[in-house]
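A closer look at the structure
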Amino acid sequence: MKQVQIGAYGQPEIVAECVEAPDVGAPGAGEIVFDVLAFPINPADLSLCRGNYRLAPQLPATPGAECVGRVAAVGAGVTDIRVGDLVSNMQRENWTQRRRIAAEHAIPLPAGLDLAQAAMLRINPATAQLLLEDHVALQPGDWVIQDVANSAVGRHLIVLAKARGIRTVNVVRRDDVGAELKALGADLVLTDGPDLPERARTAVAGAPIRLGIDALSGAACRRIADCVGDGGIVVNYGSMSGEDPQISRNALNVRGVTITGFNLGRGLAKRPTAAVRALYAELAAKLRDGVLWAPVEATYPIEQIKAALAHAQRGGRNGKVLVLPNGPLPAGAGR
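Scope of this entry: the structure provided in the associated data block. (Residues numbered from 1 in each chain as written. Predicted model: local features only at pLDDT ≥ 70, side-chain atom pairs only at ≥ 80, totals over all residues. Heavy atoms only, no water.)

**With respect to the nonpolar core**
The cut-off we apply is this: Nine residue types can take part in a nonpolar core, namely buried Ala, Val, Leu, Ile, Met, Phe, Trp, Tyr and Cys, and a core is a set of them joined through side-chain atoms within 4.5 Å. Only protein chains enter the accessibility calculation, which uses a 1.4 Å probe. A residue is then buried if its area is under 20% of the maximum for its type, exposed if over 50%, and partly exposed in between.
In terms of nonpolar packing, the biggest core is built from 48 residues, with Val68, Leu109, Leu131, Leu211, Leu264, Leu268 and Tyr280 touching the most fellow members. By size, the runner-up hydrophobic cluster in this structure holds 31 residues, among which are Ile32, Leu48, Ala61 and Leu309.

In structure tokens, the structure reads:
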């Protein structure tokens, strides 16, 4: 079978190779085997290839934080997953044509899902939901501010917040995405800049912004912290700038703003398995019904992983880059 491997850390499109690897074999007791239908290239995957992610697997290694697969075989004792089912894999190493995993690590998905959207279920929708749930007891009418609002997480957060009556200030670096975010339910869209805190306070008419969400780190995190109200909380969940999070002394010491970090793995680990499966069942239903949706800019075969990785790192993209290890997705494949 074909598989993506990195034999060294470095520029992703240089270090990643599509290689021939041994087949995974038949499932053992309590295991399943599934064909990987699609996987997205996420910022965390790029960081892993570069060697600056929080995980550093022994090389050679196969990246891949998420995917969607169709079950090809089940082992003895597996009763809740059947051949033909769609699954999301909670384990890594998904840049491959086929995976064998313990059935407990698979999340069964409902019929009717768009397969491209299902490939992006595990990380971004769950991140958006837990960012809203786990840090502040938000009430209808409360304000939240987030940067990188046109990302997949940002788009999902807008929709999920709107459904709860939570108002959002959405910070972007491109002027051409405002109308798109407003159509999703964004209350306010502001272009980032040094005077962001002043403009944000004016835009919300002085109402307290209770939660700030930052994916950039560096000075952008500082600006988000300066936007939230006294006693507010800033949650950092990424470092697209490559810098550490910052917060001003005034925000921290004078206004009592708290800064904390978010990691999806930690967020899920706080929940029992039944609650995690219920969370993903709820999010999958929203994907199936078109409530949640993330744009896809391009798809590539696994043999063109280098081109896919180069594309995924371009600025100004309008969606995720997906790789289809077993060929094009058939029409109606989610049903």
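**What about the sheet that holds strand β13 (residues 258-261)?**
The condition that has to hold: A pair of strands is treated as paired once DSSP finds two or more bridges between them. Each helix is a run of DSSP H or I of at least 4 residues and each strand a run of E of at least 2, with the numbering of both proceeding from the N terminus. A fitted line through C-alpha atoms serves as each axis, taken over the contacting stretch for helices, and the angle formed by two N-to-C directions is quoted from 0 to 180°. By definition in these notes, contact holds between two residues if any of their heavy atoms fall within 4.5 Å.
Strand order in the open sheet made by the six strands is β10-β9-β8-β11-β12-β13, with parallel pairing throughout. Two strands close off the open sheet at either side, each with one partner strand: β10 (188-191) and β13. For this sheet, the mean angle separating the axes of adjacent strands, direction not counted, is 20°. Sitting on the sheet, helix α7 (residues 196-203) touches β8 (143-146), β9 (167-172), β10 and β11 (209-214), and the angle it makes with β10 is about 160°. Here helix α8 (residues 218-227) sits on the sheet in contact with β8, β9, β11, β12 (233-236) and β13, set at roughly 170° to β11.

**Description of helix α5 (residues 152-163)**
For clarity, the cut-off: By definition here, a helix of n residues has an expected span of 1.5 Å times n minus one.
Compared with an ideal rise of 1.5 Å per residue, which puts 12 residues at 16 Å, α5 spans 17 Å between its outermost C-alpha atoms and is within 8% of the ideal. For α5, the tally of buried residues reaches 10 of 12 residues, placing the bulk of the element in the interior. Along α5, the positions that sit buried rather than exposed are Ala152, Val153, Gly154, Arg155, His156, Leu157, Ile158, Val159, Leu160 and Ala161. Looking one or two residues beyond α5, the residue adopting positive phi is Gly165, at roughly 80°.

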